Amino acid sequence: MEKKTYRDFDTYLKEFPDENGYFGRYGGRFLPDELIPAFEEITNAYETICQSAQFINELRRIRREFQGRPTPVYHCERLSNIVGSHCQIYVKREDLNHTGAHKLNHCMGEGLLAKYMGKKKLIAETGAGQHGVAIATAAAYFGMECDVYMGVVDIAKQAPNVTRMKLLGARVVPVSDGAGTLKEAVDAAFNAYLNEYHDAIYCIGSVLGPHPFPKMVRDFQAVIGIEAKEQFTEMTGHLPDAICASVGGGSNSAGLFIPFLSSPVDIYGVEPLGRGEKIGDNAASITYGKVGRLHGFESYLLQDEDGNAAPAYSIASGLDYPGVGPEHAYLHDVGRVQYVTVSDDEAMEAFYMLCRYEGIIPAIESSHAVAYAIRYAKEHKTGSILASLSGRGDKDIDYVVDNLGLGEKYNLK
Ligand SMILES: *Cc1c(COP(=O)(O)O)cnc(C)c1O
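Not measured: the values here are computed from a predicted model.

Chemist: Tell me about the environment of Tyr 46, and please be specific about residues and values.
Modeler: Counting through the fold element by element, Tyr 46 comes out in helix 2 (residues 36-49). In this structure Tyr 46 comes out as buried when scored by relative accessible area, which is 4%. Polar contacts involving the side chain of Tyr 46 include one to the side chain of Asp 219, which spans 2.5 Å.

Chemist: Describe the packing of aromatic side chains, naming the residues involved and giving the relevant values.
Modeler: According to the stated counting rule, one finds 23 aromatic pairs in the structure shown. Centroid distance Phe 39 to Tyr 193: 5.6 Å. Interplanar angle 85°. Geometry classified as edge-to-face. In this pair, Phe 39 sits in helix 2 while Tyr 193 sits in helix 9 (residues 182-196), placing the two residues 154 residues apart along the sequence. Looking at Phe 39, the relative accessible area reads 1%, which means it is buried. These aromatic residues form a ring-pair network of at least three members: Phe 39, Phe 190, Tyr 193, Tyr 197, Tyr 202 and Phe 213. Lying over the aromatic face of Phe 260, Lys 229 brings its terminal NZ or CZ to 5.8 Å of the ring centre.

Chemist: Residues and numbers for the side chain of Ser 299, please.
Modeler: Looking at where Ser 299 falls in the secondary structure, it is placed in strand 12 (residues 297-301). Judged by its relative accessible area of 1%, Ser 299 is buried. Here Val 324 takes part through its backbone oxygen, which lies 2.8 Å from a polar atom of the side chain of Ser 299. With residues up to four places along the chain from it excluded, the contact list for Ser 299 reads Tyr 26, Lys 290, Val 291, Gly 292, Val 324, Gly 325, Pro 326 and Ala 329.

Chemist: Let's hear about the pattern of salt bridges: which residues, and what values?
Modeler: For the structure on display, the rule yields 24 salt bridges. For Lys 121, the salt bridge identified is with Glu 196, shortest N-O distance 2.7 Å. Of this pair, Lys 121 sits in strand 5 (residues 121-126) while Glu 196 sits in helix 9, and the two are 75 residues apart along the sequence. The class for Lys 121 is buried, based on a relative accessible area of 10%. What makes Glu 196 partly exposed here is its relative accessible area of 23%. A salt bridge links Lys 395 to Asp 396; the shortest N-O distance between them is 3.0 Å. Given a relative accessible area of 30%, Lys 395 falls into the partly exposed group. Owing to a relative accessible area of 10%, Asp 396 belongs among the buried residues under this scheme. Among the charged side chains, a salt-bridge network with shared partners connects Arg 69, Lys 92, Glu 94 and Glu 227.

Calculation rules
Residues numbered from 1 in each chain as written. Predicted model: local features only at pLDDT ≥ 70, side-chain atom pairs only at ≥ 80, totals over all residues. Heavy atoms only, no water. Helix = DSSP H or I, 4+ residues; strand = E, 2+ residues; numbered from the N terminus. Buried < 20%, exposed > 50% of the residue type's maximum accessible area, 1.4 Å probe, protein only. Polar contact = N/O pair within 3.5 Å; in protein donor to acceptor, adjacent residues only side chain to side chain. Phe/Tyr/Trp six-rings, centres within 6.5 Å; stacked < 30°, edge-to-face > 60°. Lys NZ or Arg CZ within 6 Å of the ring centre and 35° of its normal. Contact = heavy atoms within 4.5 Å. Salt bridge = Lys/Arg side-chain N within 4 Å of Asp/Glu carboxyl O.

Quick look at the structure:
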């Protein structure tokens, strides 16, 4: 595909995705016939309702009064000094968004859409439980029922999030098929949606799945980049030289990146290298995947020798999905975003550094973006990089301390 520069992205949002949900060759809607009407209904509702002034104003009010937005941009001065380069590191504090991560940005948008559509229930899948907690929060806010499909293996591993969802009034539906993890939970949630779409809408956890979800979730998450661009410019008088974000399914990254696409800013998507390059040791779908289909859309996908979705691994459970949002596949191919990798070990070093030097405990997912910002600062010596701090790390501390202690091996000052 022809390489594009930032100047080619002026009219990007009007053109991508096209009306069938394609970003170049990626995306689309690959579904059994019975499910098409349900996704058509959401697409039509989204395209009309979400443009209305009433919807936009109500969502703005929710963002301000319930979510606590705008979240700040913060200059990590001490971290930048300790890294020892003149390049300055900034973070966009999505960890301060209500529920502690960016996921609520699209869940509140989808909940509000459901309300305008007259639906009474939100259906979702969850892996580590972060998306489940966000959707349960939205359901409580809007006074809707909520069914969250979750693999039995994940239910056993993620007890605190299961408790949170139940406290918020959601029903956690155990899925025992196959490996009993995220992939089976998505399949089960699709099936439930097929039977219940008259009364319910389905809310996927990232910029994934059949059209219109990659577009809709991106649009709701773009609040991250819209705010960050304005805040950074106000703080410094110019744009950052570079921005970066972790890429699991790709929603916090798409949200940060989109408003910067047509600006002279280098953009880096950070994929999890996990333990290494071998299949099963990482979740870097763009770096190591091939084009394929999963969960109703086409994109880069980690695959085994037979072309089936391969197991994905990252120390950050929010990043271990074998595919990636189709828009990222496109932005990779046209060269507008560079996709780099950060290992478990580098992410953990950044985790401890942000705790110790800035007083912020980041999610391990977000630590991947911070680790890349540190690497960039060392390599570039001057300028600035803004990283998406997609979530807080409270959920991770027991695991971290049990497995890696207080970070003794990293030689913190
Ligand atoms: C879920 C999650 C991610 C990864 O999801 P994306 O869709 O790639 O953004 C990253 N950070 C946090 C804190 C998460 O909860």
